[in-house]
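The lines below spell out each chain.
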Amino acid sequence: MTAEPRRRPRLAVWKFASCDGCQLTLLDCEDELLGLAEQVEIAHFLEASSASAPGPYDLSLVEGSVTTAQDVDRIHHIRAVSRRLVTIGACATAGGVQALRNYADVAEFQAAVYARPDYVATLATSTPISAHVPVDFELRGCPVDRRQLLEVITAHLAGRRPAVPAHSVCFECKQRGTVCVTVAHGTPCLGPVTHAGCGAICPTFGRGCYGCFGPSDSTNFPAFVPLLRRDGMDTLDVVRVLRTFNTAAPEFDAASRKELER
Amino acid sequence: MTHRGSRVLHVGSLSRVEGEGSLHLRIRGEEVAEARLAIYEPPRFFEAFLRGRSYTEPPDITSRICGICPVAYQLSACRAIEDACGVTVDGQLAALRRLIYCGEWIESHTLHVHLLHAPDFHGCANVVELARSRRADVERGLRLKQAGNAIIELLGGRAVHPVNVRLGGFHRVPSRSELRPLEEQLRRAREDAALTVRWVAGFEFPEAGCDHDLLALAEPDRYAIESGTPTVMPAPHTAGLPATSRRALPTRTFGVREFGDHVVERQVPHSTALHARLDGRRHLTGPLARYAISGRLLSPIALQAAQDAGLGDPRQGVVCRNPYRSIVVRAVEVLHAVDEALRLIDAYEPPPRPYVDVPPRAGTGHGATEAPRGLLHHSYTLDAEGTVTDAVLVPPTAQNQDAIEEDLRRTVQEHLRSGDPTDAELTALCERAVRNHDPCISCSTHFLDLTVDRAGGGH
Ligand code: SF4
Ligand code: SF4
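Residues numbered from 1 in each chain as written. Chains lettered and ligands numbered in written order. Predicted model: local features only at pLDDT ≥ 70, side-chain atom pairs only at ≥ 80, totals over all residues. Heavy atoms only, no water.

Considerations on the layout of surface pockets
Here is step 1 of the chain: Put simply, the largest pocket is a space of about 880 Å³.
Here is step 2 of the chain: Lining the largest pocket are 28 residues, and of these R207 of chain A together with T56, E57, D60 and H171 of chain B lie nearest its centre.
Here is step 3 of the chain: If you list the elements that add at least two residues to the lining of the largest pocket, you get α11 (235–242) of chain A together with α2 (58–63) and β4 (165–166) of chain B.
Here is step 4 of the chain: The residue makeup of the lining of the largest pocket, split by class, is 15 nonpolar, seven polar and six charged. (1 Å grid on protein atoms, 1.4 Å probe; cavity = no way out; pocket = protein on both sides within 12 Å on 5 of 7 lines; lining within 4 Å. Points joined across faces, edges and corners; volume = space filled by probe spheres on them. Helix = DSSP H or I, 4+ residues; strand = E, 2+ residues; numbered from the N terminus. Nonpolar A, V, L, I, M, F, W, Y, C, P; charged D, E, K, R; others polar.)

A closer look at the site of ligand 2
Here is step 1 of the chain: Around ligand 2, the surrounding shell consists of T194, C198, C202, P203, C209, Y210, G211, C212 and F213 of chain A together with R158 of chain B.
Here is step 2 of the chain: In this structure, ligand 2 sits where chains A and B come together, each supplying nearby residues.
Here is step 3 of the chain: Taken together, the residues of the shell around ligand 2 break down into seven nonpolar, two polar and one charged. (Near = heavy atom within 4 Å.)

A few points about the packing of aromatic side chains
Residue and element names in this part refer to chain B.
Here is step 1 of the chain: Tallying each qualifying case throughout the model produces 10 aromatic pairs over all chains.
Here is step 2 of the chain: Plain terms: the ring middles of F121 and F205 are 5.5 Å apart, the flat faces sit at 65 degrees to each other, and that makes the pair edge-to-face. Placement of F121 in helix α4 (residues 91–121) and of F205 in the loop between α7 (176–201) and β6 (213–218) is noted, with a sequence separation of 84 residues between them.
Here is step 3 of the chain: Its relative accessible area of 14% is what places F205 among the buried residues.
Here is step 4 of the chain: Considering the side-chain rings of F254 and F259, the 6.4 Å spacing of their centres and the 50 degrees angle between planes classify their relative orientation as tilted.
Here is step 5 of the chain: An aromatic cluster is built from F121, W199, F203 and F205, whose rings are joined through pairwise contacts.
Here is step 6 of the chain: It is R353 that lies over the ring of Y355; its NZ or CZ is 5.0 Å from the centre.
Here is step 7 of the chain: Over the face of the ring belonging to F121 we find R432, whose NZ or CZ atom lies 4.7 Å from the ring centre. (Phe/Tyr/Trp six-rings, centres within 6.5 Å; stacked < 30°, edge-to-face > 60°. Buried < 20%, exposed > 50% of the residue type's maximum accessible area, 1.4 Å probe, protein only. Lys NZ or Arg CZ within 6 Å of the ring centre and 35° of its normal.)

Description of the sheet that holds strand β12 (residues 363–371) of chain B
In sheet architecture, strand pairing relies on hydrogen bonds along the backbone and comes in two forms, parallel and antiparallel.
Residue and element names in this part refer to chain B.
Here is step 1 of the chain: Pairing is antiparallel in the open sheet, where three strands are placed in the order β12-β13-β14. Bordering the open sheet on either side are β12 and β14 (388–394), each of which pairs with just one other strand. In this sheet, neighbouring strand axes are inclined to one another by 15 degrees on average, regardless of whether the strands run parallel or antiparallel. (Pairing = 2+ DSSP bridges. Axes fitted to C-alpha atoms, helices over the stretch in contact; angles between N-to-C directions.)

Side note on the site of ligand 1
Residue and element names in this part refer to chain A.
Here is step 1 of the chain: In the vicinity of ligand 1, 14 residues are found, and the nearest of them are C19, C22, A90, C91 and C142.
Here is step 2 of the chain: Taken together, the elements giving at least two residues each to the shell around ligand 1 come down to α1 (21–27) and α4 (90–94).
Here is step 3 of the chain: Partitioned by chemical class, the residues of the shell around ligand 1 number six nonpolar, five polar and three charged.

So, the pairing of strand β3 (residues 57–63) of chain A
Residues and elements named next belong to chain A.
Here is step 1 of the chain: Across the seven residues of β3, seven count as buried, placing the element largely inside the fold.
Here is step 2 of the chain: Pairing between strand β1 (residues 10–15) and β3: five bridges, direction parallel. Looking at the pairing, L11 lines up with L59 of β3.
Here is step 3 of the chain: Of the pairings in the sheet, the one linking β3 to strand β4 (residues 82–88) comprises six bridges and is parallel in character. Counted as the bridge partner of E63 is I88 from β4.

A word on helix α12 (residues 250–261) of chain A
Residues and elements named next belong to chain A.
Here is step 1 of the chain: Its 12 residues give α12 an end-to-end C-alpha distance of 16 Å, which sits within 8% of 16 Å, the value for a rise of 1.5 Å per residue.
Here is step 2 of the chain: Residues of α12 that are buried include every one of F252, D253, A255, S256 and E259, and no others. Buried residues along α12 cover an arc of 170 degrees about the axis, so they all sit on one side. The exposed residues of α12 that point more than 90 degrees off its buried face are P250, K258 and E261.
Here is step 3 of the chain: Those residues of α12 hidden inside the fold are in contact with α10 (221–230) and α11. (Expected span 1.5 Å × (residues − 1). Arc of directions from axis to C-beta. Contact = heavy atoms within 4.5 Å.)

Topic: unusual backbone geometry
All names here are of chain A.
Here is step 1 of the chain: Going from G55 to P56, the amide bond is cis rather than trans, its omega being 5 degrees.
Here is step 2 of the chain: Here P56 lies in the loop between β2 (41–45) and β3.
Here is step 3 of the chain: Residue P143 follows C142 across a cis peptide bond; omega there is 5 degrees.
Here is step 4 of the chain: As for its position among the elements, P143 is in the loop between β5 (137–139) and α6 (146–158).
Here is step 5 of the chain: Even without a glycine there, the phi angle at D20 is positive, about 75 degrees.
Here is step 6 of the chain: Tracing the sequence through the fold places D20 in the loop between β1 and α1.

Topic: the nonpolar core
Across soluble globular proteins, you tend to see nonpolar side chains buried next to one another.
Here is step 1 of the chain: Membership of the largest hydrophobic core comes to 185 residues, with the highest contact counts inside it found for L61 of chain A together with L99, L186 and Y380 of chain B.
Here is step 2 of the chain: Top element by residues in this core is α4 of chain B. It accounts for 15 residues.
Here is step 3 of the chain: Leaving out residues up to four positions away in the same chain, L61 of chain A has contacts with L11, A12, V13, W14, L26, V86, I88 and I153 of chain A.
Here is step 4 of the chain: Judged by nonpolar contacts, the second largest core, of 14 residues, contains A12, Y57, I78 and L85 of chain A. (Core = buried A, V, L, I, M, F, W, Y, C linked by side-chain atoms within 4.5 Å.)

What about the sheet that holds β6 of chain B?
All names here are of chain B.
Here is step 1 of the chain: Pairing within the open sheet is mixed, and its four strands lie in the order β8-β7-β6-β11. Strands with a single pairing partner mark the edges of an open sheet, and in this sheet they are β8 (252–253) and β11 (283–284).
Here is step 2 of the chain: Of the strand pairs in this sheet, β6 and strand β7 (residues 229–233) are connected by five bridges, and their pairing is antiparallel. Looking at β7, one finds that A218 is bridged to T229.

Quick look at the packing of α11 of chain A against α12 of chain A
Residue and element names in this part refer to chain A.
Here is step 1 of the chain: For the pair α11 and α12, interaxial distance at closest approach is 9 Å and the crossing angle is 165 degrees. In terms of their interaxial angle, α11 and α12 are classed as roughly antiparallel. When you trace α11 past α12, the crossing you get is left-handed. From α11, T235, L236, V238, V239 and L242 reach across to α12, where they touch F252, A255, S256, E259 and L260.
Here is step 2 of the chain: Within the contact of α11 with α12, the residues separate by chemical class into seven nonpolar, two polar and one charged. (Parallel < 35°, antiparallel > 145°, perpendicular 65-115°, else oblique. Left-handed = near helix turned anticlockwise from the far one by under 90°.)

Quick look at the pattern of salt bridges
All names here are of chain B.
Here is step 1 of the chain: What the rule picks out here adds up to 48 salt bridges over all chains.
Here is step 2 of the chain: Here D339 ties to R190 by a salt bridge, and the two come within 2.7 Å at their closest N and O atoms. Residue D339 is located in helix α11 (residues 326–346), and its partner R190 is located in helix α7; the two are separated by 149 residues in the primary sequence.
Here is step 3 of the chain: Its relative accessible area of 14% is what places D339 among the buried residues.
Here is step 4 of the chain: Within the structure, one salt-bridge network assembled from shared partners comprises R98, E219, R222, E226, E340 and R343. (Salt bridge = Lys/Arg side-chain N within 4 Å of Asp/Glu carboxyl O.)

Quick word on the confidence of the model for chain B
All names here are of chain B.
Here is step 1 of the chain: Of all residues in chain B, 88% attain a pLDDT of 70 or more, and the chain-wide mean is 87.
Here is step 2 of the chain: Throughout residues 442–459 the model reports pLDDT below 50, and contacts reaching past four residues in sequence, or to other chains, amount to 67 contacts.
Here is step 3 of the chain: Scoring of the predicted complex yields 0.92 for pTM and 0.93 for ipTM. (pLDDT = per-residue confidence, 0-100.)

As structure tokens, this is what we get:
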């Protein structure tokens, strides 16, 4: 049988305001990297390659949040040349840590960092990709988890829905047999309201989850916040922990505002 | 004047840390009128929003400045805040910090050596292309990188933004037996690292020199990684030597707390990254600086490998000032870090507590460590409750920017004198010159769109 050689799907990786950690996670797939590169054509990936081919692309992975006017144009262009667009990480999915500017006066921020703020063009907000264009799938985490990233890529290339669970970190602690740090030690932990995916790393190290994967699919803050308080967090502690790496996630944002109203 | 007239070369796409920037060259006849590394990575305002956060938070928050050297950010932050609080972390907790930092050196340097830099020396666009002709070398690099990641994952929970580092030490420390599986992987890695030094030593290196002042942390008895005193080796021309001089010059030091008096950042119009200068002069941090200042303290096998690789014997006062050979120094540092990690694991005894208490107090603290790409300084001012009221972060890329621009200028100048390079050739040259320094923008130094604006000679 002489089948026509199948065209390899074309993959592109894009960066907006970010630390590059999520794209690095792709390069950290040492065992799979060369294999993956045989299955797909890596058409655009600045961190890894000086060669770049124009679109269209079958799958675009987007890291980072939108923080400049040019970013807005660029993400529309990327959407237009991508069959599927998947965001990777808290920056692209929930504005990232840089979205802390959303609560502040950016002019003041600029003046704090730059002597001549007028040289630096930036938007007053840091927004997730989905605030600008339709997104086919959002992969959470700051940074994303390596196994989940591979699953998402493979699934999209195969045209199926990625098997990425939507439950909370608590579930992963149970799966892993980690003793609950809140129950055993009274350590404040965001596990109950945080999206699974990391494999419950922090509690395994005896630390409470700080929510780097963003909100899980069902959160119940009115029931949860009193637990944090019981374990010694005051209003500002609660607000700060919700306003860190996923501060523009609507659930965390709403819960932090509610706290401040108290 | 020449037939070439003036031209402007703009290579779009290099940051304060990581990320994006571009390159801009203005040439008049045979003279380089301007070489600018313009960083347009959008500002993320870390220094601003650290204000008002609790003193326990900067290690986690500042790690998000750079996904490629998060441990460097975590440990510089810890040291600075502990300094403000008057706490010293020593003994086995300090050893574990050094160990996780070795993991980062191995991982980050290997990423740069194998995945980002080596393709340059083989005329390849990326590591995948390189793997077609040099499969074994690439696979060895991936194994080495994995070994570095394995250390960070074991001690920190994950390779990017590890969760286990905290003020005073760690949330949890491993037992001796938990570290043991690393040993076998690291012994293999030591062979891989030695082979890598030999491999990169065989590359072809353009003749080049640099006369930047060199700045690195130094310790009396070991190669500085997670602590040390800022030490300056002046440029050769201050002693009347040529830029390529391979002679070590007498060094001077200043305290970590005086860092801000010596290394001063200023803003330049073309970049969102601040440019820093050392006592008003351009300087370079990173592998070349460390090797010049502490090379004699490398572990014996790393020191031997360095000499076999043609870097010269630092014990005899030889230094390497060829930026293209930085890839060799990086490979040597990987070998040293692997060897050092094995030594630390061998000597490890779990400390009685995973961390020492760091009670808040009002004051300003300073901390500096050697990130893979150079000295990273943090300073924080705290109030009595431990709220951060001011934060100043000086990353290596900001410090190296002037040095990189000078390298660019020099490279292009030499090529203009010795031939008639096309824009494409100049672009390739410049990209290489930038990648030599592994700025936290090495990713985007694989930049692409080149716009050439050919102006007439009359401009
Ligand atoms: S989500 Fe976190 S790890 Fe990923 S790019 Fe943003 S800051 Fe970096
Ligand atoms: S436990 Fe929470 S904070 Fe820790 S890695 Fe997982 S999601 Fe992130």
